[in-house]
Amino acid sequence: MTEVALFETLAAANRRLAEALAQAGREPAAARLLAVSKTKPALMVREAYRLGQRDFGENYLQEALEKQETLADLPEIVWHFIGPLQSNKSRAVAEHFAWLHSLDREKLARRLDEQRPAHLPPLNVCLQVNISDETTKAGVSLDDLPALAEVVVALPRLRLRGLMAIPAPTEGREAQREPYARLRQALEELRQRFPQAPLDTLSMGMSDDLEAAVAEGATWVRLGTAIFGARPKTPRA
Ligand SMILES: *Cc1c(COP(=O)(O)O)cnc(C)c1O
C-alpha cells in the first residue's frame, strides 16, 4: 500500500467511526481506532503514526517485538496485544505491551501479574469472551466470566478494563448487534459486581461490523483490513 492510499484509508476509517458514533448518539471520542497492523511492515506503522494514529494491535509476538524495536523512536506509540497468547510467552507481553485484549484464563493472568515490570504502570487487560459459544474459538464462557474477573480484579499489576469478543461472522446489522449486546450486558453485570474496577472498555468491532459494535457501545474498534489492506491468506505462527 502506498503512502497516499494509507492517508486515505486511515482518514476513511476515522470518518466511518465518527459517523457510526454520531448515528448511535454517542460522543465523538467515545470509541477509538485500534489499527491492527499484524503481518504489515514497520514502515507502514510508522507512516500511520505520522498520520496521527497512536494505538496499534498485534497478534504475533515475534513479529510484534521486531516492529517495536524498529519503531522504538516513536514516543507516543501504544502497543496492544490482541491475539491468542500461550502461557510460556506471557513475559514478553508483560514487558512490552500497554494492553492485552485476549486474556482468557487464570493461569495466564497470574503469570502476567508476576511478570509485569515494576517500572511500568499495570497492564491494561480485557477478558476475551467466547460470545458465540463456538467450541473452537478462544475466550472464557459467559458462565465462567465472573470467576475469572474476580481473580483478575485482585491482581495488583493488572488493570481490568473490560471485555473483548470476536463473534462468529454474520450478515446484517441486527444479527451483528446481537452478540455485542450480550457483551455489553456482561460488562454491565461486572460493573455492578466489581465497582472498584475501572471497567470502561468494550473491545469489539472489526472491518466488517464496526457499525453494529459501535451501536452497542464499543470503545475500541479493531480495524486491520480497512486501514492497511488485505493480509496474506496463509496463517502465521
Ligand atoms: C486481525 C484481527 C482484527 C482485524 O481484523 P480486520 O477484519 O482485518 O479488520 C481485529 N481483531 C483481532 C483480534 C484480529 O485478530
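Here the structure is a predicted model, which is why all the values come from computation and not from measurement.

**Q** Explain the overall build of the protein to me, using residue names and the numbers behind them.
**A** Summing up its helical and strand segments, the protein has nine helices and eight strands in all. For a compact globule of 237 residues, the expected C-alpha radius of gyration is about 18 Å, and the protein comes in at 17 Å, within 12% of that figure. Within the span of the protein, comprising 237 residues, buried residues form 50% of the whole. For the protein, long-range pairs separated by at least 24 residues make up 60% of all intrachain contacts whose partners lie at least 6 apart in sequence. Side chains of the protein give 31 positive and 32 negative charges; the mean places of these two sets differ by 3 Å.

**Q** Break down the site of the ligand for me, with residues and values.
**A** In the neighbourhood of the ligand, the contacting residues comprise Val-36, Lys-38, Asn-59, Ile-82, Ile-166, Met-206, Ser-207, Arg-222, Leu-223, Gly-224, Thr-225 and Arg-231. Taking Asn-59, its side chain carries an N or O atom lying 2.8 Å from an oxygen atom of the ligand. When atom positions are compared with the pocket grids, the ligand is found to occupy the largest pocket. When grouped by side-chain class, the residues that make up the shell around the ligand number five nonpolar, four polar and three charged.

**Q** Quick rundown of unusual backbone geometry? Include the residues and the values.
**A** For Thr-39, which is not glycine, the phi torsion reads 70° and is therefore positive. Topologically, Thr-39 is positioned in the loop between strand E1 (32–36) and helix H2 (42–50).

**Q** So what about the nonpolar core? Which residues, and what values?
**A** Membership of the largest hydrophobic core comes to 67 residues, with the highest contact counts inside it found for Leu-103 and Leu-163. It is helix H1 (residues 3–23) that contributes the most residues to this core, six residues altogether. Non-local contacts of Leu-103, meaning those with residues more than four positions away in its chain, are made with Leu-108, Ala-109, Leu-112, Val-125, Cys-126, Leu-127, Gln-128, Val-152 and Leu-158. Counting seven residues, the second largest nonpolar core, distinct from the first, contains Val-36, Ile-82, Cys-126 and Trp-220.

**Q** Residues and numbers for the packing of helix H6 (residues 145–153) against helix H7 (residues 173–193), please.
**A** At a minimum axis distance of 11 Å, the contact between H6 and H7 shows a crossing angle of 50°. Between H6 and H7, the angle is such that the two are oblique. Read as a crossing pair, H6 and H7 show a hand that is right-handed. Contacts between H6 and H7 pair Leu-145, Pro-146 and Ala-149 from the former with Ala-186, Leu-190 and Arg-193 from the latter. Considered class by class, the residues forming the contact of H6 with H7 number five nonpolar, no polar and one charged.

**Q** Lay out empty space enclosed by the protein with the relevant residues and their values.
**A** Taken as a whole, this structure holds one cavity of 30 Å³ or more when the rule is applied. What lines the largest cavity is simply Gln-128, Val-129, Asn-130, Ile-131, Ser-132, Glu-134, Lys-137, Ala-138 and Ile-166. Partitioning the lining of the largest cavity into residue classes produces four nonpolar, three polar and two charged.

**Q** Any chance you could break down the packing of aromatic side chains for me, citing the residues and the numbers?
**A** This structure, assessed with the given rule, holds three aromatic pairs. The interplanar angle of 45° and the centroid separation of 6.2 Å between the aromatic rings of Phe-56 and Trp-79 together place this pair among those described as tilted. Residue Phe-56 is found in strand E2 (residues 55–58), and its partner Trp-79 is found in strand E3 (residues 78–81); the two are separated by 23 residues along the sequence. Across the pair, Trp-79 and Phe-56 agree in class, each one buried. Between Phe-81 and Phe-97 the ring centres are 5.4 Å apart and the planes differ by 80°, which places this aromatic pair in the edge-to-face class. On the criterion of sequence distance, the pair formed by Phe-81 in strand E3 and Phe-97 in the loop between helix H4 (90–96) and strand E4 (99–103) is long-range, its members being 16 residues apart. Note on Phe-97: relative accessible area 3%, which makes it buried. The ring of Tyr-49 carries the charged tip of Arg-54 above its face, separated from the ring centre by 3.8 Å.

Criteria and cut-off values
- Throughout this description, residue numbers start from 1 for each chain and increase along the sequence as written.
- Residues qualify for local features only when their pLDDT is at least 70, as the model is predicted, and side-chain atom pairs are given and counted only at 80 or more; totals for whole chains, interfaces and linings, by contrast, use all residues.
- To obtain the side-chain values, all non-hydrogen atoms of the structure were used and water was disregarded.
- In this description a helix means any DSSP run of H or I spanning at least four residues, a strand means any run of E spanning at least two, and both kinds are numbered starting from the N terminus.
- Two things to know: the radius of gyration comes from C-alpha atoms, and the globule rule equals 2.2 Å times the number of residues to the power 0.38.
- Note on exposure labels: buried denotes an accessible area under 20% of the residue type's maximum, exposed denotes more than 50%, and partly exposed covers the range between, all computed with a 1.4 Å probe on protein chains only.
- Between two residues, a contact is recorded if the distance between any of their heavy atoms is within 4.5 Å.
- Charge convention: Lys and Arg are scored as positive, Asp and Glu as negative, and His as well as the terminal groups of each chain are ignored.
- Lysine's charge is taken at NZ, arginine's at CZ, aspartate's at CG and glutamate's at CD.
- Working definition: residue near molecule or strand if any one of its non-hydrogen atoms lies within 4 Å of it.
- Within 3.5 Å is the distance limit for a polar contact, defined as a pair of N or O atoms, with the added protein rule that one can donate a hydrogen and the other accept it, and that residues adjacent in sequence qualify only through two side-chain atoms.
- Whether a set of points on the 1 Å grid over the protein atoms alone is a cavity depends on a 1.4 Å probe fitting there but being unable to get out, while an open set qualifies as a pocket with protein on both sides within 12 Å along at least five of seven lines; lining residues are those with an atom within 4 Å of a point.
- For this analysis, a molecule is said to be in a pocket or cavity if more than half of its atoms are within 2 Å of the grid points defining it.
- Three classes are used: nonpolar for Ala, Val, Leu, Ile, Met, Phe, Trp, Tyr, Cys and Pro, charged for Asp, Glu, Lys and Arg, and polar for all others, with Gly counted as polar.
- Think of a nonpolar core as a cluster: buried Ala, Val, Leu, Ile, Met, Phe, Trp, Tyr and Cys residues, connected wherever their side-chain atoms sit within 4.5 Å.
- Throughout, an axis means a line fitted to C-alpha atoms (over the contacting stretch in the case of helices), and angles, computed between N-to-C directions, take values from 0 to 180 degrees.
- Orientation is classified from the angle alone, with under 35 degrees giving roughly parallel, over 145 giving roughly antiparallel, 65 to 115 giving roughly perpendicular, and any other angle giving oblique.
- A crossing counts as left-handed when the near helix is turned anticlockwise from the far one by less than a right angle, and as right-handed when that turn is clockwise.
- Grid points are joined across faces, edges and corners, and a volume is the space filled by probe spheres set on the points.
- Side-chain rings of Phe, Tyr and Trp (the six-membered ring for Trp) are treated as a pair once their centres are within 6.5 Å; stacked means planes under 30 degrees apart, edge-to-face means over 60, and tilted covers the remaining angles.
- Cation placement over rings: the criterion is NZ of Lys or CZ of Arg within 6 Å of the ring centroid and within 35° of the ring normal.

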